[in-house]
Amino acid sequence: MLKSFKSPCVIGIIGLGVGAFHLRNSLKFKNCKIKYICDVNKKKLLYYKKKFKINKATTNFDKVVNDKEVNTIIIASNDKDHFYQVSNSLKHNKHVFVEKPMCLSLKNLETIIKIKKNKPNLYISSNLVLRVHPFFEKLIREKKKLKKIYYLEGDYNYGRLDKLTKGWRGKIKDYSVILGGGIHLIDLILKIKEKKVKEIYTMSNKLISRKFKNYANDFAVSLLKFDDNSIAKISSNFSSPSDHHHIFNVYAQNTSFFYNRNKSEQYFRENENKSSIKLNYKYDNKTKGKMLLNFLSAISRKNSNLIISENELFYLMKICLFLVQSQKKNRIIKL
Ligand SMILES: NC(=O)c1ccc[n+]([C@@H]2O[C@H](COP(=O)([O-])OP(=O)(O)OC[C@H]3O[C@@H](n4cnc5c(N)ncnc54)[C@H](O)[C@@H]3O)[C@@H](O)[C@H]2O)c1
């Protein structure tokens, strides 16, 4: 087994919220060593250092990135720190796995793309975790069977408004629910359509969290129009008093999919006949860990089989950041 590995991963993990989940998953990966964990919260840091017997624990990201033995950085810190951490990791020749969103402005995205262009041997990926959900994985795999997709819609129902009104998210100036949630569904839509987007528009409000005056809008609806005139609509809904879930519908000439809470229904139209099938899916933590394992495996085997390619990732970020711009300017943007 180990013979097929070419390059071991020596890892530093930054941020130990969802980063602790990445820590557990990395420990399961044979060809890697976790050299550092890093968190500004000392209590958390010491807890995980002891629990998993990690070599080094630090509150200082720069210490991790300056260590020459480390070749891989997993970033799961506060969104506002991602740009600094991604760009510096790449500059120091580290492979990067970054939680969404990779950065918060188009200018920062351009800088990252520029740095990455000069580092063709480095891998970069992001935890767009719905790509490995069995329903979406199958939809992506079999998308060629869908003829003429003319409309897609996704609802990202966050169901955790207090993370916006009480945690660090609300403290980020102009925090975007598109970058914080809708991005997952926009990623799937771009992947399934595989067309360029030509027009975008976002409307938003904060009717539900309006007493938190300085905080960002908690609800946004975005529209995308593709080169072939097909249309997509995504809601990034942090305000919903519900569980955390996603709704995703695809309408094509020959078939329609309706997905909600791990259940899907597919309708077919052939000549004048209609039929349908219903399926259930299992989506557990083991499945959710696949994005990171795919990234570590690509580094180790030096292959290019990333679930999300670098170009897809940069294009996704570009579209999301233009949607944020459209929201701020309250106008349609032609790309
Ligand atoms: N892909 C997904 O489905 C998914 C799910 C949840 C969170 N996320 C993303 O993961 C990131 C973290 O979110 P979370 O929910 O784990 O938050 P969290 O608050 O639970 O955890 C973040 C941790 O990072 C630490 N931290 C913050 N800034 C730091 C810095 N500059 N250096 C070192 N440590 C730092 C904090 O002390 C905290 O322990 C965010 O970017 C978020 O968007 C992604």
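This text follows the structure it describes.
All values reported here derive from a predicted model rather than from experimental measurement.

**Q** Just give me the short version of the overall build of the protein, but keep the residues and values in it.
**A** When you go through the protein residue by residue, the secondary structure sums to 11 helices and 15 strands. On C-alpha atoms alone, the protein measures out to a radius of gyration of 20 Å, which is about the 20 Å that the 2.2 N^0.38 rule sets for 335 residues. Seen through its C-alpha atoms, the protein measures out along the principal axes to roughly 65 × 55 × 35 Å. Taken across its 335 residues, the protein has 38% of its residues classed as buried. Nonlocal contacts in the protein, meaning residues at least 24 apart in sequence, comprise 67% of its contacts between residues at least 6 apart.

**Q** Before we move on, could you go through the site of the ligand and cite the residues and values that matter?
**A** Around the ligand, the structure places 22 residues, and the nearest of them are Gly15, Gly17, Val18, Ser77 and Glu99. In terms of residue class, the shell around the ligand is built from 9 nonpolar, 7 polar and 6 charged.

**Q** Please set out the pairing of strand S7 (residues 149–157) residue by residue, giving values where relevant.
**A** Pairing geometry for S7 and strand S11 (residues 245–252), over 8 bridges, is antiparallel. Across the sheet, residue Glu153 finds its bridge partner in S11, namely Asn249. By the bridge criterion, 7 bridges tie S7 to strand S10 (residues 231–237) in an arrangement that is parallel. Note on S10: the bridge partner recorded for Leu152 is Ala232.

**Q** An account of the packing of helix H8 (residues 177–193) against helix H11 (residues 310–329) is requested, with residue identities and associated values reported.
**A** Where H8 meets H11, the axes come as close as 10 Å, and the angle between the chain directions of the two elements is 125°. The angle between the axes of H8 and H11 places the two elements in the oblique class. Here H8 and H11 pass one another in a crossing that is right-handed. Within the contact between the two elements, H8 uses Ile178, Leu179, Ile183, Ile186, Asp187, Leu190 and Lys191 and H11 uses Glu312, Tyr315, Leu316, Ile319, Cys320, Leu323 and Val324.

**Q** Please provide a residue-by-residue account of the nonpolar core, values included.
**A** Ranked by size, the top nonpolar core spans 78 residues in total, and within it Ile14, Val86, Ile186, Ile189 and Cys320 carry the most contacts. Ranked by residue count, the leading element in this core is H8, at 10 residues. Of the domains in this structure, domain 1 (2–122) and domain 2 (130–283 + 317–334) are the two that each give at least three residues to this core. Residues within four places of Ile189 in sequence aside, it is in contact with Leu152, Gly154, Leu224, Ala232 and Ile234.

**Q** Can you break down the sheet that holds strand S6 (residues 124–126) residue by residue, with the values?
**A** The 6 strands are arranged S3-S2-S1-S4-S5-S6 in an open sheet whose pairing can be described as parallel. Unpaired on one side and paired on the other, strand S3 (56–58) and S6 mark the two borders of the sheet. Strand-to-strand twist across the sheet, computed as the mean angle between neighbouring axes with direction ignored, equals 20°. Summarising the sheet, strand S2 (residues 32–38) and S3 pair through 3 bridges and their orientation is parallel. Paired with Cys38 across the two strands is Thr58, which belongs to S3.

**Q** So, the sheet that holds strand S8 (residues 197–205): which residues are in play, and what are the values?
**A** Here we have 9 strands laid out as an open sheet, ordered S14-S13-S12-S11-S7-S10-S9-S8-S15, and mixed in their pairing. Two strands close off the open sheet at either side, each with one partner strand: strand S14 (273–280) and strand S15 (333–334).

**Q** Any details on unusual backbone geometry? Residues and values, ideally.
**A** Residue Pro101 is reached from Lys100 by a cis peptide bond, and omega for that bond is -10°. For Pro101, the location among the structural elements is in the loop between strand S5 (95–98) and helix H5 (106–117). Positioned with a positive phi, Asp174 is a non-glycine residue whose angle comes to about 60°. Here Asp174 lies in the loop between helix H7 (161–165) and H8.

Conventions adopted
- Each chain has its residues counted from 1, following the order in which its sequence is written.
- For this predicted model, a pLDDT threshold of at least 70 governs which residues receive local features, and a threshold of 80 or more governs which side-chain atom pairs are given and counted, while totals over whole chains, interfaces and linings are taken from all residues.
- A run of DSSP states H or I qualifies as a helix once it reaches four residues; a run of E qualifies as a strand once it reaches two. Both are numbered from the N-terminal end.
- Radius of gyration: C-alpha atoms only; globule rule: 2.2 Å multiplied by the number of residues to the exponent 0.38.
- In this scheme the burial state of a residue depends on its C-beta neighbours within 10 Å: 20 or more other such atoms mean buried, 12 or fewer mean exposed, and anything in between means partly exposed; the C-beta positions come from the backbone.
- Residues are defined as contacting one another if the C-beta atoms placed from their backbone atoms lie within 7 Å.
- Each residue receives a C-beta atom placed from its backbone. It is near a molecule or strand if this atom lies within 6 Å of it.
- For this classification, the nonpolar set comprises Ala, Val, Leu, Ile, Met, Phe, Trp, Tyr, Cys and Pro, the charged set comprises Asp, Glu, Lys and Arg, and every other residue, Gly included, is treated as polar.
- Pairing between two strands requires that DSSP report at least two bridges joining them.
- Note on method: axes are straight lines fitted to C-alpha atoms, helices fitted across the in-contact stretch only, with angles between N-to-C directions ranging 0 to 180 degrees.
- Here the angle decides the label: under 35 degrees means roughly parallel, over 145 means roughly antiparallel, 65 to 115 means roughly perpendicular, and every other value means oblique.
- For a crossing to be left-handed, the near helix must be turned anticlockwise from the far one by less than a right angle; the clockwise case is right-handed.
- Joined through C-beta atoms within 7 Å, a set of buried Ala, Val, Leu, Ile, Met, Phe, Trp, Tyr and Cys residues constitutes a nonpolar core.
- Domain borders in the structure are assigned automatically or taken from a domain database.

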